[in-house]
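Here is what each chain is made of, one letter per residue.
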Amino acid sequence: MTDIDRTPLRRHRRNRVLIQVACVAVTAFVAVPLYLVALAAFSTRAALDRFPLSLLPTDVSTETIGRFLASTGIVASLGNSLIVGFGALVLSTAVGVPAAYALARYAFRGKDSYQLFLLFTRALPIVVLSVPLAQLFLVSGIYDTTYAVILLHAALALPTTILITASVFVSVPVDVEEAARVFGCTPAQAFRQVVAPMALPGIAAASIFTFVLSWNEVLGASILTLNRRTLPAQVLTSLGESPLAYRFAGGFALVVPALLFIAVMRRWLTNMWGTTIR
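Residues numbered from 1 in each chain as written. Predicted model: local features only at pLDDT ≥ 70, side-chain atom pairs only at ≥ 80, totals over all residues. Heavy atoms only, no water.

As for the overall build of the chain
- Of the regular secondary structure elements, the chain holds 13 helices and zero strands.
- Reading the chain from its N end, one meets helices and strands in the order α-α-α-α-α-α-α-α-α-α-α-α-α.
- Scored against the burial criterion, the 278 residues of the chain give a buried share of 35%.
- When the accessible surface of the chain is totalled, it reaches about 16,800 Å², and 69% of it is carbon and sulfur.
- Taking the 21 positively charged and 12 negatively charged side chains of the chain as two groups, their mean positions are separated by 4 Å. (Helix = DSSP H or I, 4+ residues; strand = E, 2+ residues; numbered from the N terminus. Buried < 20%, exposed > 50% of the residue type's maximum accessible area, 1.4 Å probe, protein only. Areas by Shrake-Rupley, 256 points an atom, 1.4 Å probe, with all protein chains shown as cover. Lys, Arg positive; Asp, Glu negative; His and termini not counted. Charge placed at Lys NZ, Arg CZ, Asp CG, Glu CD.)

Quick look at the structure:
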């Protein structure tokens, strides 16, 4: 009786165990700092000054996070962040989705070079863009306004919006769009009634990705504004000399939108990347 070589099976099991261990390690690397920030944000000042620090939520209190939210400029900067985030989302989607559709559906000279050129905006450091834009906005009279930050964030998000939504449009069959044209739809109607609904999850994922990018951007907003700063810029400038507890509260307030994004859009993002890779 011939012996069965179980070496490939053992190797496969060992690789699966190593992958699982790596996933647990990466998850812990991300989750542990988030847990510590949340623990410090909802602990009392006495608990934070105690040594050694407790890793369990023994003294839970909303005093620190409450005083942080009641600080001067925090609520206003939160409103500015929402305005800038949704403004950049609308502008980048309005410009990026038609460009992505053209990129996915039409062949033209320099198409590959155009896609590479789109990435150059993200390749440049943000300070290289912010300083000339600050001078331009000073001359045009929109410096220290939410409009200036919206334009900057929309410009930063456009490459991602165009490339992601273009890959989504590629996955929509051309035959479906042509069938709509046969039944009397104009090109605009075929796009609005057939193509856009089929690509809506990818468009929504790219739009929310844009919002999170705008929410977390801090350097450009700090350079382009003085009195109308977004929440990250306000936290950066106001918490430099603040007690450690308030820094943790500020960090927790900045992390929450990203966590909500991951929780809500996890399924759509997985489907979108699967479409892109295929």
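Next comes the rest of the account.
Looking at the side chain of Thr225
- The topology assignment puts Thr225 in the loop between α11 (219–224) and α12 (231–238).
- Residue Thr225 is classed as buried on the basis of its relative accessible area of 0%.
- Within the structure, Thr225 has its side chain in polar contact with the backbone oxygen of Ala221 (distance 2.3 Å).
- Once you skip the residues sitting within four places of it in the chain, Thr225 turns out to touch Tyr143, Asp144, Thr145 and Val149. (Polar contact = N/O pair within 3.5 Å; in protein donor to acceptor, adjacent residues only side chain to side chain. Contact = heavy atoms within 4.5 Å.)

Points about a positive patch on the surface
- A surface patch of positive charge is lined by Arg6, Arg10, Arg11, Arg13 and Arg14.
- Here Arg14 shows up in helix α1 (residues 7–41).
- In this structure Arg14 comes out as partly exposed when scored by relative accessible area, which is 46%. (Patch = residues over 30% accessible without salt bridge, like charges linked within 9 Å, V, L, I, M, F, W, Y side chains within 5 Å. Salt bridge = Lys/Arg side-chain N within 4 Å of Asp/Glu carboxyl O.)

Quick notes on the side chain of Thr146
- Summarising the element assignment, Thr146 is placed in helix α8 (residues 146–171).
- The residues touching Thr146, leaving out its near neighbours within four places in the chain, are Asn80, Ile83, Val84 and Arg228.

Some words on the packing of aromatic side chains
- In total, this model carries seven aromatic pairs according to the counting rule given.
- Here Tyr101 and Tyr106 contribute two aromatic rings whose centre-to-centre distance is 6.5 Å and whose plane-to-plane angle is 85°, an arrangement assigned as edge-to-face.
- A relative accessible area of 12% places Tyr101 in the buried class.
- An aromatic cluster of at least three residues, connected via ring pairs, comprises Tyr101, Tyr106, Phe169 and Phe191. (Phe/Tyr/Trp six-rings, centres within 6.5 Å; stacked < 30°, edge-to-face > 60°.)

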